[in-house]
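Spelled out from the first residue to the last, the chains are:
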Amino acid sequence: QVQLVESGGGLVQPGGSLRLSCAASGSIGSTIAMGWYRQAPGKQRELVAFITDSGSTKYSDSVTGRFTISRINNRNTVYLQMNSLKPEDTAVYSCYVDIMYRGRTWGQGTQVTVSS
């Protein structure tokens, strides 16, 4: 069984920064990618960013240039550095890991609130 533990959420003022962390543990096997989704109240869940085992990354248009995803493979840990935060970035951020032959596992989610 795989567990994901997220940390780093909180309250920040517009223009500020936060770094989210997500650590995978357990019987992980071969991972394909790790990434982050977010969901704001009343809105659909949105893919924020992901990074593959080979280091390829993809970002949603809404965060490109402001967010950076990175990964420590041998620790199965993924980070999301969020800069120039805006009120519209407020959401619950959930990380995930895609494992070969086993599908996707989700973290519990962490709240990010951008407000003055």
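It should be emphasised that the depicted structure is a prediction, and the values quoted were computed from it without experimental measurement. (Residues numbered from 1 in each chain as written. Predicted model: local features only at pLDDT ≥ 70, side-chain atom pairs only at ≥ 80, totals over all residues. Heavy atoms only, no water.)

(A) Quick look at the sheet that holds strand 3 (residues 18-26). Strand order in this open sheet of four strands is 1-3-8-7, and the pairing throughout is antiparallel. Here the strands that pair on one side only, and so sit at the sheet edges, are strand 1 (2-7) and strand 7 (67-72). Averaged over all pairs of adjacent strands, the angle between their axes in this sheet comes to 15°, without regard to strand direction. (Pairing = 2+ DSSP bridges. Helix = DSSP H or I, 4+ residues; strand = E, 2+ residues; numbered from the N terminus. Axes fitted to C-alpha atoms, helices over the stretch in contact; angles between N-to-C directions.)

(B) Molecular detail of the state of the cysteines. Scanning all chains against the criterion turns up one disulfide. Residue pairing for Cys22: its cysteine sulfur links by disulfide to Cys95, the two sulfurs lying 1.9 Å apart. Where Cys22 bonds to Cys95 through sulfur, the torsion about that S-S bond is close to 50°, and the disulfide is right-handed. On the criterion of sequence distance, the pair formed by Cys22 in strand 3 and Cys95 in strand 9 (residues 91-99) is long-range, its members being 73 residues apart. Classification of Cys95 by relative accessible area gives buried; the value is 0%. (Disulfide = S-S within 2.5 Å. Buried < 20%, exposed > 50% of the residue type's maximum accessible area, 1.4 Å probe, protein only.)

(C) View of the environment of Ala24. Along the chain, the position of Ala24 falls in strand 3. On the accessibility criterion, Ala24 (11% relative accessible area) is buried. For the pair Ala24 and Asp61, spaced 37 residues apart in sequence, the C-alpha to C-alpha distance is 27 Å. In this view, Ala24 contacts Gln3, Leu4, Met34, Arg75 and Asn76; residues no more than four positions away in its chain are not counted. (Contact = heavy atoms within 4.5 Å.)

(D) Local environment of the pattern of salt bridges. Tallied over the entire structure, the rule returns five salt bridges. Between Glu46 and Arg38 there is a salt bridge, with its nearest N and O atoms 2.8 Å apart. Taking the relative accessible area as the measure of exposure, Arg38 reaches 7% and is therefore buried. Note that Asp89 is salt-bridged to Arg38, the shortest N-O span being 2.9 Å. With a gap of 51 residues between them, Asp89 in the loop between strand 8 (77-82) and strand 9 and Arg38 in strand 4 (residues 31-39) connect regions that are remote in the sequence. (Salt bridge = Lys/Arg side-chain N within 4 Å of Asp/Glu carboxyl O.)

(E) Spotlight on the packing of aromatic side chains. Evaluated as defined, the whole model comprises three aromatic pairs. Taken together, a centroid distance of 5.6 Å and an interplanar angle of 50° make the contact between Tyr96 and Trp106 tilted. With Tyr96 in strand 9 and Trp106 in strand 10 (residues 103-106), this residue pair connects regions lying 10 residues apart in the sequence. Take Tyr96: its relative accessible area is 3%, and that puts it in the buried class. The exposure class of Trp106 is partly exposed, given its relative accessible area of 32%. A connected cluster of aromatic rings, assembled from ring pairs, spans Tyr37, Tyr96 and Trp106. The cationic tip of Arg45 hangs over the ring face of Tyr37; the distance from NZ or CZ to the ring centre is 5.0 Å. In this arrangement the basic side chain of Arg104 is found over the ring face of Tyr96, its NZ or CZ atom lying 3.9 Å from the centre. (Phe/Tyr/Trp six-rings, centres within 6.5 Å; stacked < 30°, edge-to-face > 60°. Lys NZ or Arg CZ within 6 Å of the ring centre and 35° of its normal.)

Bear in mind that shape data such as this cannot, by itself, settle questions of function.
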